[in-house]
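Letter by letter, the chains look like this.
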Amino acid sequence: MSFLELDSVTKRFGAVTALDGVDLRVEPGSRTAVVGPSGSGKSTLMRIVAGFEAPDEGRVRLGGALLCDGPAIVPPHRRPIGLVSQDGALFPHLDVAENIGFGLDRRAPDRRTRVLALLDMVELDRSMLHRRPHELSGGQQQRVALARALARRPKLMLLDEPFSALDTGLREALRRTVAELLASEGIAAILVTHDQAEALGFADQVAVMRDGRLVQTGAPRQLYLQPRDPATAAFLGDAVLLPGRLDGGFALCALGRIAAEGEGAPGAVRLMLRPEQLRVAPAAEAGPDAVRARVVAIEFGGPASEIRVALLEPGAAGPVPDIRLKVPSAAAPAIGDVLALRVEGAARIYPA
Ligand SMILES: Nc1ncnc2c1ncn2[C@@H]1O[C@H](COP(=O)(O)OP(=O)(O)OP(=O)(O)O)[C@@H](O)[C@H]1O
């Protein structure tokens, strides 16, 4: 039995099926990231786990206790679940100490000690204790929201895009703090995010949603390298998709003969490579059989730049769109340069 179990959870809003038979397992103390296009059902899933919404069908169990059985549900305040949303949703008229202590018993003798401990846990300075939310930065507000959610010692933390309003550096710092805090307290978490890199970096399990269904669930590395279909591949990161032919464990395509992994009958297939599997070298240094491509565009991106190349000999499998790949900016080629391309590792294979 897993810590959190969703079985065949379905939720309809009129003609829209927001969740369609979702099964999900979350292990104790683990971190799950839920990703998917807008409208795929992520928020509905979180609202059902939190108890703000009742499913039409299906069951949710936490630590073996039934939270929902179809429309019959345990109310949110009776669930050992904390929630941090995108805007923190702090009480504007309460100061930091009162916001954090909101869920604690007013008469508890150790209330102040607990508030101070929570403030330390989220790495906020004690001088902030009597500030109101509008006197805090966005990052500080999210730390208070996190401390407030931790106050009631939840067993599961729901993080609904809690970092999305913050700028990149702050976002990464807070994400790391949250991950360490949850691990040290042994609290399981589910994070909803639109940032694929954040999902892959934060979680030990990533769940990809599309049209109300969970299309694939697994370890970040597994999902990134072995996505179940091209749409999932493209959703989780940059992907190079090419037509090809499968022949005895190898795929023949415009980039040559490449080791193949995945399902596909011999014959026409589609191949997926991650751009970092493509290595470039000046064409003059490559052998006569090298696959050559001309640089048609460059986008500077700090340490790495993205280049777009057009193959000079597209091959027999059909036309090939321009390929985008990243190179260190210090060694970036110029537009018009001809490069030799080499593939590292195996291509993922899908039916054509
Ligand atoms: N209260 C509601 N009433 C009617 N339809 C709803 C309601 N809540 C959600 N929906 C619909 O259910 C579907 C799933 O919505 P949901 O908010 O769960 O998606 P999401 O993946 O969280 O999207 P986003 O990434 O844009 O936040 C959408 O088609 C949405 O319009």
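Values in this document were obtained by computation on a predicted structure and should not be read as measured data. (Residues numbered from 1 in each chain as written. Predicted model: local features only at pLDDT ≥ 70, side-chain atom pairs only at ≥ 80, totals over all residues. Heavy atoms only, no water.)

Caption draft 1: Spatial organisation of the overall build of the protein chain. Per the secondary structure count, the protein chain includes 8 helices and 21 strands. Its C-alpha atoms give the protein chain principal-axis dimensions of about 80 × 45 × 35 Å. When the 352 residues of the protein chain are sorted by exposure, 47% land in the buried category. Contacts in the protein chain between residues far apart in sequence, at least 24 positions, make up 64% of those at least 6 positions apart. Charge-centre separation for the protein chain: the mean point of 42 positive side chains lies 4 Å from the mean point of 42 negative side chains. (Helix = DSSP H or I, 4+ residues; strand = E, 2+ residues; numbered from the N terminus. Buried < 20%, exposed > 50% of the residue type's maximum accessible area, 1.4 Å probe, protein only. Contact = heavy atoms within 4.5 Å. Lys, Arg positive; Asp, Glu negative; His and termini not counted. Charge placed at Lys NZ, Arg CZ, Asp CG, Glu CD.)

Caption draft 2: Examining the nonpolar core more closely. Counting residues in each nonpolar core, the largest one holds 45 residues, and the members touching the most others are L150, M157 and L159. Residues in contact with L159, not counting those within four places in the same chain, are M46, V84, V178, L182, A189, I190, L191, V192 and F202. Residues V34, L62, I81 and A188 belong to the second largest nonpolar core, which totals 27 residues. (Core = buried A, V, L, I, M, F, W, Y, C linked by side-chain atoms within 4.5 Å.)

Caption draft 3: Geometry of the site of the ligand. Around the ligand, the structure places F13, V16, A18, P37, S38, G39, S40, G41, K42, S43, T44 and H194. One of the backbone nitrogen or oxygen atoms of G41 is found 3.0 Å away from an oxygen atom of the ligand. Side-chain polar atom of S43 to an oxygen atom of the ligand: 2.8 Å apart, as the coordinates give it. Its free accessible area being 640 Å², the ligand has 59% of it covered by the protein chains. Sorting the residues of the shell around the ligand by element identifies strand 2 (16-26) and helix 1 (42-50) as the ones contributing at least two each. Counting residues per element, the shell around the ligand draws most heavily on helix 1, at 3 residues. Within the shell around the ligand, the residues separate by chemical class into 4 nonpolar, 7 polar and 1 charged. (Near = heavy atom within 4 Å. Polar contact = N/O pair within 3.5 Å; in protein donor to acceptor, adjacent residues only side chain to side chain. Areas by Shrake-Rupley, 256 points an atom, 1.4 Å probe, with all protein chains shown as cover. Nonpolar A, V, L, I, M, F, W, Y, C, P; charged D, E, K, R; others polar.)

Caption draft 4: How the structure looks around the packing of helix 3 (residues 111-121) against helix 4 (residues 138-151). Orientation of helix 3 relative to helix 4, taken along the N-to-C sense of each, is 130°, at an axis distance of 9 Å. The angle between helix 3 and helix 4 places the two elements in the oblique class. Read as a crossing pair, helix 3 and helix 4 show a hand that is right-handed. Between helix 3 and helix 4, the residues in contact are R114, L118 and M121 and A147, L150 and A151, respectively. Here the contact of helix 3 with helix 4 is composed, by residue class, of 5 nonpolar, no polar and 1 charged. (Axes fitted to C-alpha atoms, helices over the stretch in contact; angles between N-to-C directions. Parallel < 35°, antiparallel > 145°, perpendicular 65-115°, else oblique. Left-handed = near helix turned anticlockwise from the far one by under 90°.)

Caption draft 5: A look at the sheet that holds strand 17 (residues 291-299). Spatial ordering of the open sheet is given by 16-20-17-18-19, a layout of 5 strands whose pairing is antiparallel. Looking along the sheet, the strands with just one partner apiece sit at the ends: strand 16 (278-282) and strand 19 (323-328). The mean inter-strand angle of the sheet, taken between neighbouring strand axes irrespective of direction, is 50°. Relative to strand 20 (residues 338-343), strand 17 runs antiparallel, the two being bridged by 4 bridges. Bridge pairing links V291 to L341 in strand 20. (Pairing = 2+ DSSP bridges.)

Caption draft 6: Structural detail: the packing of helix 4 against helix 5 (residues 168-185). Running from N to C, helix 4 and helix 5 cross one another at 15°; their axes reach a closest spacing of 11 Å. Considered as vectors, helix 4 and helix 5 are oriented roughly parallel to each other. The handedness of the crossing between helix 4 and helix 5 is right-handed. Of the residues in helix 5, those in contact with G139, Q142, R143, L146 and L150 of helix 4 are L170, L174, T177, V178 and L181. When its residues are assigned to classes, the contact of helix 4 with helix 5 shows 6 nonpolar, 3 polar and 1 charged.

Caption draft 7: Molecular detail of the side chain of R348. Along the polypeptide, R348 turns up in strand 21 (residues 347-351). When its relative accessible area of 17% is taken as the criterion, R348 is described as buried.

Caption draft 8: Seen up close, unusual backbone geometry. Notably, S8 is not glycine yet its phi reads approximately 50°, a positive angle. With respect to the secondary-structure elements, S8 resides in strand 1 (residues 4-13). For S8, a relative accessible area of 39% corresponds to the partly exposed category.

Caption draft 9: Spotlight on the sheet that holds strand 9 (residues 188-192). Strand order in the open sheet formed by 6 strands is 7-8-9-3-10-11, and the pairing between neighbours is mixed. Every interior strand has two partners, whereas the edge strands, strand 7 (81-84) and strand 11 (213-218), have only one. Pairwise comparison of adjacent strand axes, ignoring direction, gives a mean angle of 20° for this sheet. Across the sheet, helix 1 lies against strand 3 (31-35), strand 7, strand 8 (156-160), strand 9 and strand 10 (205-210), angled at about 150° from strand 8, the strand it touches most.

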